[in-house]
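Reading the structure
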Amino acid sequence: DLDDTLVDTSESYDRTVKDMVEKYSGEKMRRKELMDLRLEGGFNDDWEATAELLNRRGVEIFLDKVVEESRIHYLQIARKNEELVVDTEMLKQLGKRYRLFILTGRYRSEYEPVWGELDNVFESVYCVDDFDLEKPKPSGDMLATIMAKNNIQNAAYIGNSIDDMQAAQAAGLRAIGVTSNMEAKDLKESGAEIICSQINELAGVFRS
């Protein structure tokens, strides 16, 4: 996974959600509202989460409008506000022993302008709009498609959310949780076999 697993998006995606909710509802939004919504599962897409938070405040808005405006706002602030939290040298060392891929819920138009450089670290990067018909996380469809396309039999998926853990399980992968913004107990209850407090602990996990 990319967001809040390899990259800290608290001041980009989360900030965009907050800005959009406050703009259209006229009320302040606490970050805990977004985190509680993610704990429910099924809101891996931040723009769908934005629309849902507005809906719960009694604001009716078309999802297409949320997506269009949120994406513009996000791209205006992302480059200055997102931080890569993974050691790329560690990834390159892991890449000598394992095939490494990214599956992100981002659209490619949100990935390439901000983190396209990661194409040089991973064998392939898959965005949500690279797929036809497959359901997004927490469905395991996209992970299963990646495995079939690349002739992979055994794999693990590393992520930070309930949807990530459920998607891994649904696709028959081992689930590894990173507690960047969720409690270990919530990730374990969602299927995580291994818990890391931060992404760079993977070096030890895959060495054992």
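See the structure printed just above.
Residues numbered from 1 in each chain as written. Predicted model: local features only at pLDDT ≥ 70, side-chain atom pairs only at ≥ 80, totals over all residues. Heavy atoms only, no water.

Attention now moves to the overall build of the chain. Check the secondary structure of the chain and you find 10 helices and 7 strands. Scaling as 2.2 N^0.38, a compact globule of 208 residues should have a C-alpha radius of gyration of about 17 Å, and the chain matches this with 17 Å. Each principal axis of the C-alpha atoms in the chain carries an extent, and together these give about 50 × 35 × 35 Å. Counting all 208 residues of the chain, 50% fall into the buried class. Counted over contacts in the chain with a minimum sequence separation of 6, partners at least 24 positions apart contribute 58%. Summed over all atoms, the accessible surface of the chain reaches about 10600 Å², with 46% contributed by carbon and sulfur. Taking the 27 positively charged and 41 negatively charged side chains of the chain as two groups, their mean positions are separated by 3 Å. (Helix = DSSP H or I, 4+ residues; strand = E, 2+ residues; numbered from the N terminus. Rg over C-alpha atoms; globule rule 2.2 N^0.38 Å. Buried < 20%, exposed > 50% of the residue type's maximum accessible area, 1.4 Å probe, protein only. Contact = heavy atoms within 4.5 Å. Areas by Shrake-Rupley, 256 points an atom, 1.4 Å probe, with all protein chains shown as cover. Lys, Arg positive; Asp, Glu negative; His and termini not counted. Charge placed at Lys NZ, Arg CZ, Asp CG, Glu CD.)

Right, let's get into the packing of helix 3 (residues 46-56) against helix 4 (residues 63-81). Following both chains from N to C, one finds helix 3 and helix 4 inclined at 120°, their axes separated by 9 Å at the closest point. When the axis of helix 3 is compared with that of helix 4, the two are oblique. Crossing hand, helix 3 versus helix 4: right-handed. Counted together, Trp-47, Glu-48, Thr-50 and Ala-51 of helix 3 and Leu-63, Val-66, Val-67, Ser-70, Arg-71 and Tyr-74 of helix 4 form the full contact between these two elements. Taken together, the residues of the contact of helix 3 with helix 4 break down into 6 nonpolar, 2 polar and 2 charged. (Axes fitted to C-alpha atoms, helices over the stretch in contact; angles between N-to-C directions. Parallel < 35°, antiparallel > 145°, perpendicular 65-115°, else oblique. Left-handed = near helix turned anticlockwise from the far one by under 90°. Nonpolar A, V, L, I, M, F, W, Y, C, P; charged D, E, K, R; others polar.)

In a pair of packed helices, the angle between the axes and the distance between the axes together describe the arrangement. Direction vectors running N to C along helix 1 (residues 13-25) and helix 3 enclose 30°, while the axes themselves pass 10 Å from each other. In terms of orientation, helix 1 and helix 3 fall into the roughly parallel class. For the element pair helix 1 and helix 3, the recorded crossing hand is right-handed. Facing Tyr-13, Thr-16, Val-17, Met-20, Val-21, Tyr-24 and Ser-25 of helix 1, the residues of helix 3 in contact are Asp-46, Trp-47, Thr-50, Leu-53 and Leu-54. A class-by-class count of the residues in the contact of helix 1 with helix 3 yields 8 nonpolar, 3 polar and 1 charged.

With that settled, consider the side chain of Ser-70. Position of Ser-70 among the secondary structure elements: in helix 4. Residue class for Ser-70 comes out buried when judged on its relative accessible area of 0%. Polar side-chain contacts of Ser-70 include one of 2.7 Å to the backbone oxygen of Val-66. When residues no more than four places from it in sequence are discounted, the contact partners of Ser-70 are Thr-16, Met-20 and Trp-47. (Polar contact = N/O pair within 3.5 Å; in protein donor to acceptor, adjacent residues only side chain to side chain.)

Honestly, it's all geometry; don't read function into it.
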